[in-house]
Structures are given as C-alpha cells and as structure tokens.
Amino acid sequence: MSLSVSDVVNVSVVLSPIAAATRNFGSLLILGSSTVIDTTERLRLYSSLDGVVTDFGTNSQEYKAAALYFGQTPQPSVLYVGRWAQTATAAVLHGGVLTAAEKAIANFTAITSGGLRITIDGTLKSLTGINLSAQTNLNGVASALTTALGGAGTVTWNASLGRFDVVSATTGTSSTITYATAPVSGADISALLKLQTGQASAPVAGIAAETLLSAVTTVADKSTDWYGLYVAATGVADADVLAVAGFIEGTGNSRIYGVTIQNTQVLDSTVTNDLASQLKGLGYKRTFTQYSGNNAHAAASIFGRAFTVNFNGSNTTLTIKFKQEPGVTAEDITTSQAATLKAKNCNVFAAYQNGTAIVQEGVMVNGYFFDEVHGTDWLQNDVQTAIFNLLFTSTTKIPQTDQGINRILSTIESRLAQAVVNGLVAPGVWTADGFGALNSGDTLTKGFYVYAPPVATQSTADRQARKAPVIQCAIKLAGAVHSVNTIINVNR
C-alpha cells in the first residue's frame, strides 16, 4: 500500500452556496376563464404566442390578450396564463402523457371488446363491449368512449399535451371523478388511455364559481413568479376590478395590475363615478388603466412593451408615453376628451393629426409614472437580493463593525450604480430633507448617496440582536421628457 499524498499536502475545496436570483420584472399573468387549465394546475408558462395558440386557439380571450402582449417589438419572453373559475367547474381526470409508440392507432383498433370502470359524480360507470376497431385516430377513440359514458361525461384527446382527459357532465362542488380501473371482463382500455393510478394526474374535483379576487389571491399564493396581472375575461364588474386593485396594492409581493376600460363614460368630464375615477380616488400606485373603444385588451400591449426592459443592460429603461400598440387601432378622440382622460389618470392610444399615434400619458391611477413604479420595484428587489447574497454566500461572517457595514454599503452602491447605467437613476439636485452628510440642495454627482451611522451609536438592544445600523439611500430618478415648449423669436 502506498502512502496518501494528503499526509504531506492536504487540499480542501470549498464551494460557496449558489446565490439567490432576483425576481423577473418582465413576467405577465393573463388570467382567463377558459377551461383549458384546471383549478389545480391554475397557471402555465409560455415563452411565445405559438404555445398559447396551441392550447387556447385563436378565439379565446386569453389568446387575444396574449397576441397584443407578444405583438410588441422587441418581444417579451415570459407569459403565464392562469385560470379563473368565473363559473362553476367540472371534475376532470387528466390521463398520463402517451409516448409516440403508445399513440399508435393500432394499439386501439386491436380492441374489439374492451372496457373500463370509473366513478363520476359518485356513480360507478362500468363500460364494457367497446369496439375501437373502426377508429382512424385518437379523437375517434375519445368520441367512442364519450358515447359509452352515456351522458355522464366526455372524453377528449388533447393533442398538444398528448393525453386523454375525462370530464364530468356536471359542475360545482358535487362534481367528482376518480381514477379509472380495469373492467370486470374484456380488454382493459383504462391502461391504454393511462387513466389508472400511477399513470394519470390526481383527479380534480369541481368547484363553485369564485370571485375574481379569490382567483387572484389563489394564483398569488400558488406562484410568486409573475409580476404583472391582466384579466382576459368578459363580464368583469367594476367592483371586482376595485377589489383586485386593493389586493395588488397591499400584497407584500410587489406587482402591477392593468385594466382596459371600454365604457365611454370615462371620456365624460362630468361623470365622476366611472371606473377610472373610482380608481384614481383610491390613489393606488400599482394599478393602471387604458381606455380603448377599439380593443378589449389594449392594456396588455402596455405590459408587452414595458416588460422588454432588461434592467441589467445599459440605457434600457423607457417611458410608456410615445410607445406604439401593434394590433390596437388608435382612438380618434377630441382634445377635451384627451384632457378628461389625463385628468382621470387613464391612458389612451391616441391618434394625432400628423399621422402618428402614441400611448399617453403612461401613468398609474394615482398619477405616478409606470416606469418609475416598475423601475423602483426592480431596484428594491435588486438591492435586497444583493444584500442577502452578501450575507448568504460569505464563507465567514460579516462583522458588526464599521468595516463590516462598509461591505454592505459597497454592495448597495454597486446596485445603485447599475440603476444609473440602465437609465433609471441619474445625477441631479436633492430637494428633499437631508440625512448624514447630505443636505437639501446638494447635487448627487453619482445619482445616489448611501449612509449608515457608526456602529458605536447603536443601542445595546440592537447590538445584541445583531442588527446592522439603519442604512439610508438617496436616489435621483432620471425621469423622462414628455413635453417640450419652444419659443422661436423672429427678427427682421
């Protein structure tokens, strides 16, 4: 036996933890009431319009909103589509995904006397004597099984997902379904369709109709990955919109809610109880509206343009004003109507006399500019994640000393510097109250200022609790030019 080299030279490799990722501030959730997604799955991820077309077709409200979202140039890359049980839902059993070999029609045409057992709405359906020999495709197989169920439910072939689905004919909380099992006699079709335990997904029971707010809170609890919310469904009451706007405003996970308004009352300056006016009165900064008499989902286009911003790039931030909405016909409104919309903080894609059309004004319902809310949400998360990663990935502790706090300050400054690079923040005069060495009227030459008091000034309680001193940051937003006044003096 040879001696180990480690007896002379011992080398250890220590891998640092994988840092936490920042949130994606370019992800939209379109919430609709189509039955494509069940209430257990709740939402699906798409990277292009093609996937939405495959699942929802071109006549659904989800597709119409997604087409405007993806219709922007450049295109956004992340879209979630979610399910709102606007009406009571039916129980459903999703079969397992069939392989290419399992999809071969010969597997099914070999069945001349097959069956299965499945309990739908509490009643056992024992199917026997099913003859599939004449079927030419899997849709035909599904149709034959629907006939055999005798009105208790339907069987469909989902070509896009490669599976069979069994849906109860009833809806609501009494709508139930079980896994399928082998028949008492004859060939076992349930195994071919992958409807048995261990093959199929868990059966999904029907639920009663839910409010829009209930659906939004459910998808918010299910996933934190989406940032923007757009509801693509007809018959949404103003009360539902107000309730969702209140939730989006108060939830701890920052999000933005967009609403398309088609009621022409919003154009009337004498009307003060229209949806835009009500939202403005509530002063929400996380909801925006757009009037469009020409397209029921115009506001989805604003999301599409805004969510192409890459905050890690250079000069990538933008203002929503002056942007285009491909697929949306511009509104031919009067000057007074435009002024009314502006007064109600309601955006519009407006036609101009010079043959152009632009989105104006690019504001939230409280008057804040969309890009400011979007950008500062990113900045908050970016700084938060950077500090967390400093603490999390450090192989030794960050000491509770001025030197240790300076490491935190340097980390913050590096992220604020990126906000300058992407165009969110810029040098300017600080006009608010000062702190640390910063006074009102001082110029932020870097666009930001970061301050922490000495550790020695901490209270004993904070020191013993291992808290860092309170860190304060001042940033100057770069803003954007939205209007220009020019005077031409003529001399002769």
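Residues numbered from 1 in each chain as written. Predicted model: local features only at pLDDT ≥ 70, side-chain atom pairs only at ≥ 80, totals over all residues. Heavy atoms only, no water.

**So, the layout of surface pockets**
Taken as a whole, the largest pocket holds about 430 Å³ of empty space. Along the wall of the largest pocket there are 23 residues; nearest its centre are V236, V259, T260, I261 and Q262. When contributions to the lining of the largest pocket are tallied by element, the ones reaching two or more residues are β10 (228–232), α7 (238–250) and β11 (256–261). For the lining of the largest pocket, the element with the most residues is β11, which contributes five residues. Its residues assigned to classes, the lining of the largest pocket comprises eleven nonpolar, ten polar and two charged. (1 Å grid on protein atoms, 1.4 Å probe; cavity = no way out; pocket = protein on both sides within 12 Å on 5 of 7 lines; lining within 4 Å. Points joined across faces, edges and corners; volume = space filled by probe spheres on them. Helix = DSSP H or I, 4+ residues; strand = E, 2+ residues; numbered from the N terminus. Nonpolar A, V, L, I, M, F, W, Y, C, P; charged D, E, K, R; others polar.)

**Things to note about empty space enclosed by the protein**
One pass over the full model with this rule turns up two cavities of 30 Å³ or more. Along its surface, the largest cavity is lined by A306, V309, F311, T317, L318, I320, F370, D371, H374, G375 and L424. Per-element tally for the lining of the largest cavity: the top contributor is helix α11 (residues 370–393), with four residues. Residue composition of the lining of the largest cavity, by class: seven nonpolar, three polar and one charged. Quantified by volume, the second largest cavity comes out at close to 50 Å³. Its residues assigned to classes, the lining of the second largest cavity comprises nine nonpolar, no polar and no charged.

**Quick word on the pairing of strand β6 (residues 123–130)**
Where strand β5 (residues 114–120) meets β6, six bridges bridge the pair, whose relative direction is antiparallel. Pairing of I120 across the sheet is with T123, part of β6. Between β5 and the antiparallel strand that follows it, β6, lie two residues; D121 among them carries a positive phi value of about 55°. (Pairing = 2+ DSSP bridges.)

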